[in-house]
Number of protein chains: 2
Amino acid sequence: MIPALQARGFEVHALGRRPPAATVVFHPVDLLDAEAVQASVGRVGAVHLLHLAWYAEPGLYWRSPVNLDWVAASLALVRAFREGGGARAVVAGTCAEYAWGPERLSEDAHCVPATLYGAAKDATQRVLTAYARETGLSFAWGRLFFLYGPREKSGRLVSDAIRALSSGERFGTSPGHQRRDFSHVADVAGAFAALVDSAVEGAVNIGSGAAVPVRVILEQIGQLTGRPDLIDFGARRLAESEPASIEADVSRLREAVGFHPRYDLGSGLTDTFGAYSERQA
Amino acid sequence: MIPALQARGFEVHALGRRPPAATVVFHPVDLLDAEAVQASVGRVGAVHLLHLAWYAEPGLYWRSPVNLDWVAASLALVRAFREGGGARAVVAGTCAEYAWGPERLSEDAHCVPATLYGAAKDATQRVLTAYARETGLSFAWGRLFFLYGPREKSGRLVSDAIRALSSGERFGTSPGHQRRDFSHVADVAGAFAALVDSAVEGAVNIGSGAAVPVRVILEQIGQLTGRPDLIDFGARRLAESEPASIEADVSRLREAVGFHPRYDLGSGLTDTFGAYSERQA
């Protein structure tokens, strides 16, 4: 994320518990501690805010009560930023805010989240939109779809598949017919940086605009690793709650924000596998 | 509120900064202090929770950033209650969550709040509904319409009009054609107590079901005080944002909850004026 912001000339200050890998001014703070956040945000005095932090433990974050803490933390952070003189805030939302259906999801689609995570993000967006309108804050909300890329945590599709297949382990998965909208993490970072650097307000989908069957993604990883034989399609059933397709309408991202991705699925997976292989070597 | 709960056999514990007038077990706590709330809620170990507290300073609460604090405080309170073993929570919402239109407002009407206050309440309801579903909490949300009654704070229609007319002061107001759904505070308390004591889940309108023109309310206060001549209808314009009618559909409150009010507008205003006169005597 940070190089994408620096490439646009932003002087980046990072707030969080652990310093990021990139060279920035780092301000150690627990984002769940509203008073510490207020002090820290006040010291930085930033003009732009990009807020990506949330509870994201794979498998747990959909249903965790910790989502409630992150609603509160997000409201407190944006308020502290605005009251400290901040002008523009961009906050990360999720495709899980939408009522998932067969259609391509555009930003004005009805939001009926199926999960506590989706409801918490959706509610945060609603309050911040009203708060921004009331206080004159320029505010955008990036609804993130699925992502993959180098240094992804385990518990996620692409990283788990690359690791298993590269290690000669079997990889059991669903039949893989469900279509999902995946972006390379560098493109997600680029999209958020472009959104911060724009004057676009409201919700903006951050996705590729082209959902592909999960089976296709895994078959490509099979080819890259040379071990397509290790994938067990249909070893487990797809959860009932998983819809057939989740695809972003990215016309706002392309036309209003003016962002175009660098990777397609093939080059993105190649890059991700290359980075994995390098770290193993 | 407390007598209405006690009348149903509840042992009432009150949490807040100041002790209520009624005889209850009082636990002093700042509801904006999440840690203190958790400790206090844990000590009480209640089975039912009724949460009415919010920032409500007349004239200011519609647009105040303090609404963000009450989103956080409400989430923390309900979570602490549930994690402490609580079974059923009822929280106060508002008719300002709805997109105000000419129709009578039923609970499944579209919520598009026009104000930060409405957005904050609506968002709180959305998160708590998802949280309750996830954790098995029995949860209802009482959408409060307009109220009046003895010991009402100044800055509100009925109390201000009674005070002005009783003191021989002129009372300047809008032409008063807008219809509003007003309930006597004792009926609001009775409705909330009935809701707590029921198993009804989801949103329930707390109103009279019969909106009346504000002019009619003021004319009745003119009669009660004997000084209808002091009312200046049309002295100020109605704000553009004020809709022609705000009226609750109360069929859920009547049929599912089984609550019926004690006061109509005439007897409610007579009671309120009587209580005012007694305190002045």
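Being a predicted model, the structure only gives us computed values, none of them experimental.

Attention now moves to the packing of aromatic side chains. All names here are of chain A. On inspection of all chains with the given rule, the structure shows 18 aromatic pairs over all chains. When the centroid spacing of 6.3 Å and the interplanar angle of 50° are considered together, the rings of Phe139 and Trp141 count as tilted. The same class applies to Phe139 and to Trp141, which are both buried. Taking the centre distance of 5.5 Å and the plane angle of 40° together, the rings of Phe146 and Phe182 count as tilted. Taken together, the residues span a long stretch of sequence, with Phe146 in strand 6 (residues 146-148) and Phe182 in strand 9 (residues 182-184) at a distance of 36 residues.

Let us now look at the interface of chain B and chain A. Accessible area lost during the coming together of the parts is what is often quoted as the interface size. Between chain B and chain A, the contact holds 26 residues from the first and 26 residues from the second. For the pair chain B and chain A, the summed buried area comes to about 2100 Å², and 66% of that belongs to carbon and sulfur atoms. Contact with chain A buries surface across chain B, with Leu68, Arg79 and Glu134 of chain B losing the most and accounting together for 27% of the total. Counting across the interface, chain B meets chain A through six salt bridges. Here Asp69 of chain B ties to Arg79 of chain A by a salt bridge, and the two come within 2.9 Å at their closest N and O atoms. In this structure, the connection of chain B to chain A is made through four residue pairs in polar contact (both at pLDDT 80 or more).

Next up on the list: the relation of the copies chain B and chain A. Relative to chain A, chain B is turned by 180° and slid 0.0 Å along the rotation axis, the superposed coordinates differing by an RMSD of 0.0 Å. The operation mapping one copy onto its partner corresponds to a two-fold rotation axis. The fraction of interface residues of chain B whose copies in chain A are also interface residues reaches 100%, indicating that both copies meet through the same surface.

Residue and element names in this part refer to chain A. Only one face of strand 1 (residues 13-16) is buried, namely the one carrying Ala14 and Gly16, since none of His13 and Leu15 on the opposite face is buried. Of the strand pairs in this sheet, strand 1 and strand 2 (residues 25-28) are connected by four bridges, and their pairing is parallel. Paired with Ala14 across the strands is Phe26, a residue of strand 2.

Residues and elements named next belong to chain B. Between helix 2 (residues 34-44) and helix 3 (residues 66-83), whose axes approach to 9 Å, the crossing angle comes to 30°. Judged by the angle between their axes, helix 2 and helix 3 are roughly parallel. Seen from above, helix 2 lies across helix 3 with right-handed handedness. Facing helix 2, whose interface residues are Ala34, Val37, Gln38 and Val41, helix 3 presents Ala76, Leu77, Ala80, Phe81 and Glu83. Considering only residue class, the contact of helix 2 with helix 3 consists of seven nonpolar, one polar and one charged.

Thresholds, definitions, all that
Residues numbered from 1 in each chain as written. Chains lettered and ligands numbered in written order. Predicted model: local features only at pLDDT ≥ 70, side-chain atom pairs only at ≥ 80, totals over all residues. Heavy atoms only, no water. Phe/Tyr/Trp six-rings, centres within 6.5 Å; stacked < 30°, edge-to-face > 60°. Buried < 20%, exposed > 50% of the residue type's maximum accessible area, 1.4 Å probe, protein only. Helix = DSSP H or I, 4+ residues; strand = E, 2+ residues; numbered from the N terminus. Contact = heavy atoms within 4.5 Å. Buried area = accessible area lost by both parts, 1.4 Å probe. Salt bridge = Lys/Arg side-chain N within 4 Å of Asp/Glu carboxyl O. Polar contact = N/O pair within 3.5 Å; in protein donor to acceptor, adjacent residues only side chain to side chain. Least-squares fit on C-alpha atoms with pLDDT ≥ 70 in both. Pairing = 2+ DSSP bridges. Axes fitted to C-alpha atoms, helices over the stretch in contact; angles between N-to-C directions. Parallel < 35°, antiparallel > 145°, perpendicular 65-115°, else oblique. Left-handed = near helix turned anticlockwise from the far one by under 90°. Nonpolar A, V, L, I, M, F, W, Y, C, P; charged D, E, K, R; others polar.

As far as function goes, none of this settles anything; it's purely spatial.
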